[in-house]
Amino acid sequence: MTTVAQPSAHGATGEPFPQVPLPTLLAEQAARTPTAVALVAGAEELTYRELAARANRLARHLIGLGVGPEDVVALALPGSVSFLVAALAVLQSGAAYLPVDPGYPARRIRLMLDDVRAPALLTLAAYADDLEPLGVPLLVLDRPECAAALAALPGGPVTDGERVAPLSPLHPAYVIHTSGSTGRPKGVAVSHRSAVNYLTWAVRAYPSCADTSVLHSPVTFDLTVTTLFAPLLAGGRIHATGTRGGPAARAALRRAPCTFLKATPGFVPMLAALPPEFSPSGDLVLGGEELLGDTLAGWRRRHPTATVVNEYGPTEATVGCMEYRIEPGAPDLAGPVPIGRPVANARVHVLDDRLTPVASGELGELYVAGDVLARGYVRRPGLTAERFVPCPFGPPGERMYRTGDLARWTPEGQLVYAGRVDEQVKVNGYRVEIGEVEAALTGQETVARAVVVLRPGPGGDRLVGHVTAADGRTPDPVRLREELTRQLPPFMVPAEIVVLAELPQTPNGKIDRRALATG
């Protein structure tokens with residue numbers, strides 16, 4: 001079949017979206033539906049008015065501490081009522097929020113806090129003792145003195161006149177850290193403008209957000225941004241207890257079953273084993289890793305009314321920049337599900353190493369441009385310039401993000417993901433730079449060299465480390481894993497570490513990663 005060159009860009013352009021910061025839209029929705037239930041956590045329910053009042057009081061407290069636009073406030077909170085209230089409060093203050101898993105190793109948390117120069121860390125008493133040594137001022141939300149201070153503040157809408165500086169759509173809304181090949185995580189700063197563009201599109205694309213959404217994924221994962229905010233822009237309710245809630249949470253879901261859920265593809269088998277009220281009747285959105293059609297067939301037969309969406313997007317392209325929809329009644333797909341077409345105001349290019357568009361069916365590297373792009377990496381101008389490069393297909397000054405993903409166009413104009421250019425992989429939906437894990441291993445005194453590969457296993461893909469001994473010492477795999485748990489998040493710690501006399505090499509002298517990956 002003759003291949004035909006694709007146009008230089010594919011994308012939906014010119015779709016209008018509000019040119020205002022995210023808090024403006026959230027406040028407008030709260031004013032429209034003040035008595036509607038916004039948040040459910042077990043037996044607790046908050047209306048839009050109650051949620052806004054809690055967030056506004058905390059926002060005023062933060063403003064009183066001098067927090068404002070261009071600041072990044074860290075949230076070491078579980079994905080529950082406290083997190084959502086705190087995230088809304090930080091946004092209302094004008095600052096950006098940084099989600100921090102309280103269970104991360106102290107060294108990892110310190111790197112993240114240092115990266116953004118956080119002026120404050122919001123947390124709960126259960127985590128305060130572990131976080132105190134990090135040197136960032138703590139605001140412990142469930143301590144009596146904090147609760148009393150907040151109760152004394154007004155809960156009405158926060159205005160620019162109260163903020164330390166006016167809030168612009170170009171200011172950052174949140175920062176999400178992803179794995180870094182140098183051994184240091186990268187903080188991706190996403191502006192209000194990009195977040196509003198994505199969320200405005202999501203409300204239109206996923207109408208079931210206006211009903212009942214279940215917050216399932218960790219809040220440190222940008223996939224969760226959809227479930228945190230799209231329902232609150234659509235007048236819907238969020239069940240914040242996820243799929244592990246107790247009797248009260250399950251009873252609440254039976255009264256108002258899930259209509260919208262976003263998760264990773266690896267969650268589909270677990271979803272099938274849960275009671276039916278946890279499965280969405282409207283939209284099941286999957287992202288974060290490659291989706292295989294074979295994993296969907298059984299679930300779709302049991303839930304024939306749902307649309308399944310494969311949403312693709314690196315953190316640098318604001319949650320999701322492409323989607324492929326499997327409508328109710330459509331035939332099941334075998335093998336990899338396409339990542340489809342661009343979302344609103346996103347443009348994508350599949351290019352060769354000379355930045356020339358490839359022909360249909362040919363592999364190239366995927367680049368993303370348009371209003372979906374993040375501002376860049378926090379205090380990493382060199383890395384930002386390396387990954388956010390000038391776009392030769394747009395007006396002067398336009399950027400495009402080099403994803404590092406390989407892709408190809410189908411004759412129908414759908415995009416199919418085809419692996420990575422570099423050594424970045426996905427583990428349970430999280431992006432992991434292999435180099436960061438290898439750097440942690442080679443930093444151990446018993447290790448001379450280390451190679452980490454992704455290997456399939458019965459429970460899904462897992463990281464396997466291979467090390468050689470330093471200076472005649474014998475590395476202990478158990479102790480190495482224990483040490484890595486003190487440095488890295490759990491999803492970055494290899495499930496297995498193998499000690500080798502030497503690492504296998506290809507005929508040209510390079511490490512033979514393929515031999516290690518296949519065992």
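Since this is a predicted model, take the numbers as computed values, not measurements. (Residues numbered from 1 in each chain as written. Predicted model: local features only at pLDDT ≥ 70, side-chain atom pairs only at ≥ 80, totals over all residues. Heavy atoms only, no water.)

1. What about the pattern of salt bridges?
For step 1, the next point in the chain: A full pass over the atoms with the stated rule returns 24 salt bridges.
For step 2, the next point in the chain: With a shortest N-O distance of 3.0 Å, Arg375 and Glu70 are connected by a salt bridge. Within this pair, whereas Arg375 is found in the loop between strand 18 (364-370) and strand 19 (376-377), its partner Glu70 is found in the loop between helix 2 (48-64) and strand 4 (72-76), the two being separated by 305 residues in sequence.
For step 3, the next point in the chain: Residue Arg375 is classed as partly exposed on the basis of its relative accessible area of 35%.
For step 4, the next point in the chain: Of the charged contacts in the structure, one is a salt bridge between Asp476 and Arg479, with a shortest N-O distance of 3.9 Å. (Salt bridge = Lys/Arg side-chain N within 4 Å of Asp/Glu carboxyl O. Helix = DSSP H or I, 4+ residues; strand = E, 2+ residues; numbered from the N terminus. Buried < 20%, exposed > 50% of the residue type's maximum accessible area, 1.4 Å probe, protein only.)

2. So, the packing of aromatic side chains
For step 1, the next point in the chain: Per the stated rule, a full pass over the model turns up 10 aromatic pairs.
For step 2, the next point in the chain: A centroid spacing of 5.0 Å and a plane angle of 25° characterise the contact between Phe221 and Tyr430, whose relative ring orientation is stacked. Note that Phe221 is positioned in the loop between strand 10 (212-214) and helix 8 (225-234) and Tyr430 in strand 24 (residues 430-433), a separation of 209 residues in sequence.
For step 3, the next point in the chain: A relative accessible area of 9% means that Phe221 is categorised as buried.
For step 4, the next point in the chain: Here Tyr430 falls in the buried class, since its relative accessible area comes to 15%.
For step 5, the next point in the chain: Three or more aromatic residues joined by ring pairs form one cluster here, namely Phe83, Tyr97, Tyr174 and Phe229. (Phe/Tyr/Trp six-rings, centres within 6.5 Å; stacked < 30°, edge-to-face > 60°.)

3. So, unusual backbone geometry
For step 1, the next point in the chain: Notably, Arg117 is not glycine yet its phi reads approximately 55°, a positive angle.
For step 2, the next point in the chain: Among the structural elements, Arg117 can be located in the loop between helix 4 (106-116) and strand 6 (121-123).
For step 3, the next point in the chain: Residue Asn428 is not a glycine yet carries a positive backbone phi of 55°.
For step 4, the next point in the chain: Positionally, Asn428 belongs in the loop between strand 23 (424-427) and strand 24.

4. With respect to the sheet that holds strand 12 (residues 260-263)
For step 1, the next point in the chain: If you trace the nine strands from one edge of the open sheet to the other, you get 3-2-11-10-12-13-14-15-16, paired in mixed fashion. Edge strands, defined here as strands with exactly one partner in the open sheet, are strand 3 (44-47) and strand 16 (341-342).
For step 2, the next point in the chain: Note: strand 10 against strand 12, two bridges, orientation parallel. Directly across from Val214, in strand 12, lies its bridge partner Leu261.
For step 3, the next point in the chain: Where helix 2 meets the sheet, it contacts strand 2 (37-41) and strand 3, and its direction lies at approximately 85° from that of strand 3. (Pairing = 2+ DSSP bridges. Contact = heavy atoms within 4.5 Å. Axes fitted to C-alpha atoms, helices over the stretch in contact; angles between N-to-C directions.)

5. Some details on the sheet that holds strand 26 (residues 462-469)
For step 1, the next point in the chain: Judged by pairing direction, the sheet is mixed, and its three strands sit side by side in the order 25-26-27 without closing on themselves. A strand with exactly one partner marks an edge of an open sheet, and here the two such strands are strand 25 (447-455) and strand 27 (496-499). Each neighbouring strand pair of the sheet contributes to a mean axis angle of 25°, computed without reference to strand direction.
For step 2, the next point in the chain: Examined bridge by bridge, strand 26 and strand 27 share four bridges and lie parallel to one another. Opposite Val467, over in strand 27, you have Val499 as the bridge partner.
For step 3, the next point in the chain: Along the sheet, helix 13 (residues 434-442) contacts strand 25, strand 26 and strand 27; its crossing angle with strand 25, the most-contacted strand, is approximately 145°.
For step 4, the next point in the chain: Against the sheet, helix 14 (residues 477-485) touches strand 25, strand 26 and strand 27, its axis set at about 135° to strand 27.

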